[in-house]
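Given next are the chains, with one letter for each unit.
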Amino acid sequence: MASITTGVAAGTGVAVRRRRYMDRKSLVPLLIFLPPSLILFTVFVVLPMVDAGTFSFFEWNGYGPITNFVGFENYADVINHRNFGTAVRNSLIVVAVSLLIQLPLAMWCAIALSERSVSINILRTIFFLPFMLAEVAAGLIWKFVYDGNYGLLPILGDALGTKMPFVLADKFWVIPAIMLVITWKYFGFHMMIFIAGLQSIPNEVVEAARLDGVKKWQIVRHIKIPMIRSAIVVSVFFAITGALQLFDIIIPLTNGGPSHSSHTIVTFLYQFGILRMKLGFGGAVSVLLFIACVIVALAYRRILFRVEQN
Amino acid sequence: MATASRKRRPAISAFQWITLLVVAAFVIVPFYTTALGGFKEIGELRVNPFGLPQSWDPARFAEIIGGPRYVPSLLNSLLVALGSVVLSTLLASMTAFAFAHIKFFGSRFLMSYLMLGLLFPSATAILPLFIKMRDLGLLDSHVGIIIAQVAFSISFSVLLFYNFFKELPKELIDAARMDNCGYIRIYWYVTLPLCLPIIATVGVFNFVGSWNSFLLPLIVLNSDANYTWPLGIMQFQGQYGSDWPRILAFLTLSILPAIAFFLLAQRYVISGLTGGAVKG
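Since this is a predicted model, take the numbers as computed values, not measurements.

Some details on the overall build of chain B
Phase 1 of the analysis: Helices and strands together make up the secondary structure of chain B, namely 14 helices and zero strands.
Phase 2 of the analysis: For chain B, the α and β elements follow one another from N to C terminus as α-α-α-α-α-α-α-α-α-α-α-α-α-α.
Phase 3 of the analysis: Taking 2.2 N^0.38 as the reference for a compact globule, 280 residues should give roughly 19 Å; the C-alpha atoms of chain B span a radius of gyration of 24 Å, well beyond that estimate.
Phase 4 of the analysis: Pairs at least 24 apart in sequence give 79% of the contacts found in chain B among residues at least 6 apart.

And the structure:
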């Protein structure tokens, strides 16, 4: 007991002495090193998010003072908007496709490509290439692929002996068409995260299991996938938040059309809030999106916590 | 060595190889047809989609390179990307240094505050950001885009630097302190020279992010002369409608520098992904 108290006392003594020493020595560096980032982050990231909340309770066209308080009217307008439901539904479809198709595809490729050899390296680079490509370029390339007159899709139709629809102008087909582009664009990113996880598994673990006669797919199922749980957790998080914020790739492909059937939450925000300078309406959309992302993040922390407990 | 690795390598089954090749074809075919499409006539696209073009006439490419849009928009993007890289590298490394090596009251709190930027969606801030930039007179300027981009990427950049700085041997900093070296000099003469790999990673990340960025320039820029290439290519596509050979030529020329850069820099991207995402 005595030794503990003296230990603590000595500890605080050192801390006090060190703090005084630090104050003199570290004040100037801190004043140079910290404020630029913190101010930039606060002014251009945090305050705009707060502003979005403020705007959402007013009717404002962006000019003059903000005075016309309307309560929750903007939120009601957003929720009752004809196309908001579609935008939310589409964003949720993107989330679902990302989780159910993209991530399993990424995992399938990662399991094969986590070894080291030249041909494997080439494949890995190819699969990762679309992720590095600008969304706008990816969107335009696929707009060509889907073009009903000169693209690749009608050629596929010829080969199959059917006539393909103009998918980007078709209210039903436009969504699967966009999902295919999203999978093409992003599965390589998740694959790389999984590969990084797989490569960090100690070789002895896999080797020992193999010597015990465990089959290859049992090793994958019972050893490899459980051991890269943290990589999967990261990947799922990126997939969800990325899907909720999807914008760039929709604009070149469909611009939200045909007749507003392919909007996501962010293209909806752009089309009906920003382009029309309805800041209250746009603010309300931003707040709803923000809340959705916070819920995901918080729910995620709980799941993450549970995963790490196990 | 070679035999050892071959023995250790478990076989990838034929079925796996087939699926990999199918996926590879799925990834490559759009690139391949885009690259060749710029040389073809519009009718040729339909009758000869996968074959080589009848002539390798570079007229379209020459016209685009000599045209008023391609080179200026690429230069604008380059300027913005380099500005973002320099500013974010400098600010993020300084901030991460303070968090990693200087003990001060509120350090953990400020770090957590900055890390909120990793969780929260940047798209939600875009509308008020537009108003803010208008009020600050930053609309239609490259400086405005650079500042906003750095602000949005600073959390991730600080995290990457912080993880790296924490790994540096503490004795190094302590030794420099003993020699009566101030923190600013330690940062500049001791830490920075040791962290060239992480500077490369953060730099590549910010460069690619800025080079590809679309939403922010779309909202901030409004004069043709200032357009970055994603805006330029959208405008070009709007102008030429479905003159696909011309658009495909423009696309090919626009993504070629990015692909070359990616092939050179991919290991930095991958180490950033793993260093920031998996370990962090």
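Having seen it, we continue.
Some words on the overall build of chain A
Phase 1 of the analysis: In terms of helices and strands, chain A carries 14 helices and zero strands.
Phase 2 of the analysis: In chain A, the succession of helices and strands from N to C terminus is α-α-α-α-α-α-α-α-α-α-α-α-α-α.
Phase 3 of the analysis: Each of the three principal axes of chain A carries a C-alpha extent, and together these read 90 × 75 × 35 Å.
Phase 4 of the analysis: Scored against the burial criterion, the 310 residues of chain A give a buried share of 40%.
Phase 5 of the analysis: Residue pairs in contact within chain A that sit at least 24 positions apart in sequence constitute 69% of those at least 6 positions apart.

A short note on the domain arrangement of chain A
All names here are of chain A.
Phase 1 of the analysis: Taken domain by domain, chain A consists of domain 1 (2-55) and domain 2 (75-309).
Phase 2 of the analysis: Of note, the centres of domain 1 and domain 2, computed from C-alpha atoms alone, are 39 Å apart.
Phase 3 of the analysis: Between domain 1 and domain 2, the contact holds four residues from the first and six residues from the second.
Phase 4 of the analysis: Considered class by class, the residues forming the side of domain 1 that touches domain 2 number three nonpolar, one polar and no charged.

Here's the deal with the interface of chain B and chain A
How large an interface is tends to be reported as the accessible area lost when its parts come together.
Phase 1 of the analysis: Counting residues at the interface gives 76 residues for chain B and 73 residues for chain A.
Phase 2 of the analysis: Sort the elements by how many residues they give to the side of chain B that touches chain A and helix 14 (residues 244-278) of chain B lands first, with 14 residues.
Phase 3 of the analysis: Partitioning the side of chain B that touches chain A into residue classes produces 58 nonpolar, 14 polar and four charged.

Considerations on the packing of helix 8 (residues 142-167) of chain B against helix 11 (residues 196-212) of chain B
Angle between the axes and distance between the axes: these two values describe a pair of packed helices.
All names here are of chain B.
Phase 1 of the analysis: Orientation of helix 8 relative to helix 11, taken along the N-to-C sense of each, is 160°, at an axis distance of 10 Å. In this view, helix 8 runs roughly antiparallel relative to helix 11, as classed from their interaxial angle. Classified by chirality, the crossing of helix 11 by helix 8 is right-handed. From helix 8, Gln149, Ser153, Ser157, Leu160, Phe161 and Phe164 reach across to helix 11, where they touch Ile198, Thr201, Val202, Asn206, Gly209 and Ser210.
Phase 2 of the analysis: Of the residues in the contact of helix 8 with helix 11, the class split is five nonpolar, seven polar and no charged.

Points about unusual backbone geometry
Residues and elements named next belong to chain A.
Phase 1 of the analysis: Here the residue pair Gly257 and Pro258 is connected by a cis peptide bond, since its omega of -10° sits within 30 degrees of zero.
Phase 2 of the analysis: Checked against the element boundaries, Pro258 lands in the loop between helix 12 (250-253) and helix 13 (265-274).
Phase 3 of the analysis: In the Ramachandran plot, Asn255 falls in the positive-phi region, its phi being about 55° despite a non-glycine side chain.
Phase 4 of the analysis: Relative to the assigned elements, Asn255 resides in the loop between helix 12 and helix 13.

Examining the nonpolar core
Phase 1 of the analysis: Ala110 and Phe194 of chain A together with Ala151 and Phe161 of chain B are the most contacted members of the largest nonpolar core, which totals 161 residues.
Phase 2 of the analysis: It is helix 8 (residues 174-199) of chain A that provides the largest number of residues to this core, a total of 17 residues.
Phase 3 of the analysis: Lining this core are residues from two domains, each supplying at least three of them: domain 1 (2-55) and domain 2 (75-309) of chain A.
Phase 4 of the analysis: Apart from the residues within four sequence positions on either side, Phe161 of chain B is in contact with Ala92, Ser93, Ala96, Ile198 and Val202 of chain B.

Comments concerning helix 5 (residues 118-132) of chain A
Phase 1 of the analysis: With 15 residues, helix 5 of chain A ought to run about 21 Å at 1.5 Å a step, and its terminal C-alpha atoms sit 21 Å apart, in line with that.
Phase 2 of the analysis: All of the buried residues in helix 5 of chain A are Leu123, Arg124, Phe127, Phe128, Pro130, Phe131 and Met132 of chain A.

Section: the environment of Ala177 of chain A
Residues and elements named next belong to chain A.
Phase 1 of the analysis: For Ala177, the location among the structural elements is in helix 8.
Phase 2 of the analysis: Classification of Ala177 as buried rests on a count of 22 C-beta atoms within 10 Å.
Phase 3 of the analysis: Spatially, the C-alpha atoms of Ala177 and Ala159 are 19 Å apart, while their sequence positions differ by 18 residues.
Phase 4 of the analysis: Discounting chain neighbours no more than four positions away, the residues touching Ala177 are Tyr146, Val167 and Leu168.

Details of the environment of Asn222 of chain B
Residues and elements named next belong to chain B.
Phase 1 of the analysis: Mapping Asn222 onto the fold places it in the loop between helix 12 (215-220) and helix 13 (229-240).
Phase 2 of the analysis: With 12 C-beta atoms packed within 10 Å, Asn222 lands in the exposed category.
Phase 3 of the analysis: In sequence terms Asn222 and Asp140 are 82 residues apart; their C-alpha atoms lie 5.6 Å from each other.

As for the confidence of the model for chain B
Detailed conclusions should not be drawn from predicted coordinates in areas where pLDDT is low.
All names here are of chain B.
Phase 1 of the analysis: With 94% of its residues at a pLDDT of at least 70, chain B reaches an overall mean of 87.
Phase 2 of the analysis: Helix 1 (residues 2-8) is the least confidently modelled element of chain B, averaging 45 in pLDDT, while helix 5 (residues 70-101) averages 94, the highest of any element.
Phase 3 of the analysis: Low pLDDT, under 50, characterises residues 1-8; the stretch is placed with zero contacts to residues that sit more than four places away or in other chains.
Phase 4 of the analysis: Confidence metrics for the complex model read pTM 0.88 and ipTM 0.89.

With respect to the confidence of the model for chain A
Phase 1 of the analysis: In the predicted model, chain A carries a mean pLDDT of 86, and 90% of its residues have values of at least 70.
Phase 2 of the analysis: For the stretch residues 1-21 of chain A, pLDDT sits under 50, and the model shows zero contacts to residues farther than four places along the chain or on other chains.

Some thoughts on the environment of Ile141 of chain A
Phase 1 of the analysis: Mapped onto the fold, Ile141 of chain A is located in helix 6 (residues 135-146).
Phase 2 of the analysis: Taking the C-beta count within 10 Å as the criterion, Ile141 of chain A has 26 such neighbours and is therefore assigned buried.
Phase 3 of the analysis: Aside from chain neighbours lying at most four places away, what touches Ile141 of chain A is Pro30, Thr34 and Leu251 of chain B.

Quick notes on the rules
- The written sequence of each chain sets the order in which its residues are numbered from 1.
- Here chains are named by letter from A upward and ligands by number from 1 upward, in the order in which they appear as written.
- Selection of residues for local features in this predicted model requires a pLDDT of at least 70, selection of side-chain atom pairs for listing and counting requires 80 or more, and totals for whole chains, interfaces and linings are taken over all residues.
- Where helices and strands are cited, they refer to DSSP runs of H or I of at least four residues and of E of at least two residues respectively, numbered from the N terminus.
- Radius of gyration here uses only the C-alpha atoms, and the compact-globule reference equals 2.2 Å multiplied by the residue count raised to the power 0.38.
- C-beta atoms are first placed from the backbone for all residues, and any pair lying within 7 Å is then listed as a contact.
- Residues are called buried when their C-beta atom has 20 or more other C-beta atoms within 10 Å, exposed when it has 12 or fewer, and partly exposed otherwise; all C-beta atoms are positioned from the backbone.
- Residue ranges labeled as domains rest on an automatic or database domain assignment.
- When residues are grouped by polarity, Ala, Val, Leu, Ile, Met, Phe, Trp, Tyr, Cys and Pro land in nonpolar, Asp, Glu, Lys and Arg in charged, and all others, Gly among them, in polar.
- Angles shown run from 0 to 180 degrees and are taken between the N-to-C directions of axes, each axis being a line fitted to C-alpha atoms and, for helices, limited to the stretch in contact.
- An angle counts as roughly parallel when it lies under 35 degrees, as roughly antiparallel when it exceeds 145, as roughly perpendicular when it falls between 65 and 115, and as oblique in every other case.
- By definition, turning the near helix anticlockwise from the far helix through less than a right angle yields a left-handed crossing, and turning it clockwise yields a right-handed one.
- The term nonpolar core means buried Ala, Val, Leu, Ile, Met, Phe, Trp, Tyr and Cys residues held together as one set by C-beta atoms within 7 Å.
- Every helix has an expected span of 1.5 Å times one less than the residues it contains.
- The pLDDT value tells you how sure the predictor is about a given residue, anywhere from 0 up to 100.

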